[in-house]
Amino acid sequence: MISVTIFRLPAATLAVFAVLMAGGCTPQANYDELQTRYQQEQAANQKLQADNAQLQADLVQQGPQTYTVAADLLFAPGNFDVTPNGQAALNDIAGKLSVLKSGKITVNGYTDDQGIGEALKKQGIKSNLDLSSKRADVVANYLRTHGVDAKLISAKGLGDTHPAAPNNTAAGRAQNRRIEIVVEGPGN
């Protein structure tokens, strides 16, 4: 089961504590305002905890959840550095995954069946498997540095071995160049 725990001491509680520690008194109106703020923050915390519990339950019930992002969006052709558009897409995914405290996140890299260009070969990339591995590693590291628990993430390059479409058209090859981020809760 995915466990998310949020600890937050409401500002109203801190204010009441500060007044009491200082040995001061507060007028009834101030006390009532602080009490109302405390109750509102308690209700907000309860809602946040309920939302996190629902997210956990959804992940367990639905089984693995996969985010598929076109490599052409994430990377420039013949490259493995994340583009600004790719960063925007990954930021959105990282925001969703950053609440997870258990489970498993696997970043899978895929390519089409076209050969590796000379520019990539000069960077030490010798095959589609190398390229897919490097891109998966880059995405996994990006997610780690943007709030996703590093203990949950692994990366795997699969090259051109699992095509999503035939490689005989440009559109098919574009579908095959992708990153899949698979999220599995405990027991999945």
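In this report, we go over the structure that sits alongside the text. (Residues numbered from 1 in each chain as written. Predicted model: local features only at pLDDT ≥ 70, side-chain atom pairs only at ≥ 80, totals over all residues. Heavy atoms only, no water.)

1. Some details on the overall build of the protein chain
A count of helices and strands for the protein chain gives seven helices and four strands. Start at the N end of the protein chain and walk to the C end: the helices and strands fall as α-α-β-α-α-β-α-α-β-α-β. Across the 188 residues that make up the protein chain, the buried fraction comes to 35%. Look at the contacts in the protein chain between residues 6 or more apart in sequence, and 75% of them connect residues 24 or more apart. Split by element, the accessible area of the protein chain, about 10,600 Å² in all, is 54% carbon and sulfur. (Helix = DSSP H or I, 4+ residues; strand = E, 2+ residues; numbered from the N terminus. Buried < 20%, exposed > 50% of the residue type's maximum accessible area, 1.4 Å probe, protein only. Contact = heavy atoms within 4.5 Å. Areas by Shrake-Rupley, 256 points an atom, 1.4 Å probe, with all protein chains shown as cover.)

2. A few points about helix H6 (residues 128-145)
Over its 18 residues, H6 extends 26 Å from the first C-alpha to the last, a length consistent with the 26 Å expected when each residue adds 1.5 Å. Listed in full, the buried residues belonging to H6 are Asn128, Leu131, Ser132, Arg135, Ala136, Val138, Val139, Ala140, Tyr142 and Leu143. Against helix H3 (71-74), helix H4 (84-97), strand E2 (104-110), helix H5 (118-122), strand E3 (153-157) and strand E4 (178-184) lie the buried residues of H6. Trailing H6 by a residue or two, Gly147 shows a phi angle of about 100°, which is positive. (Expected span 1.5 Å × (residues − 1).)

3. Focus: the sheet that holds strand E1 (residues 65-70)
Pairing in this open sheet of four strands is mixed, and the strands run E1-E4-E2-E3 from one edge to the other. Where the open sheet ends on each side, the last strands, each with one partner, are E1 and E3. Between one strand axis and the next, the sheet turns through 15° on average, direction left out of account. Taken together, the six bridges between E1 and E4 define a ladder with antiparallel strand orientation. When the sheet's bridge partners are listed, Thr66 is paired in E4 with Val182. Packed on one face of the sheet, H4 meets E1, E2 and E4 and runs near 165° to E1. The strands touched by H6 within the sheet are E2, E3 and E4, with E3 carrying the most contacts at an inclination of about 165°. (Pairing = 2+ DSSP bridges. Axes fitted to C-alpha atoms, helices over the stretch in contact; angles between N-to-C directions.)

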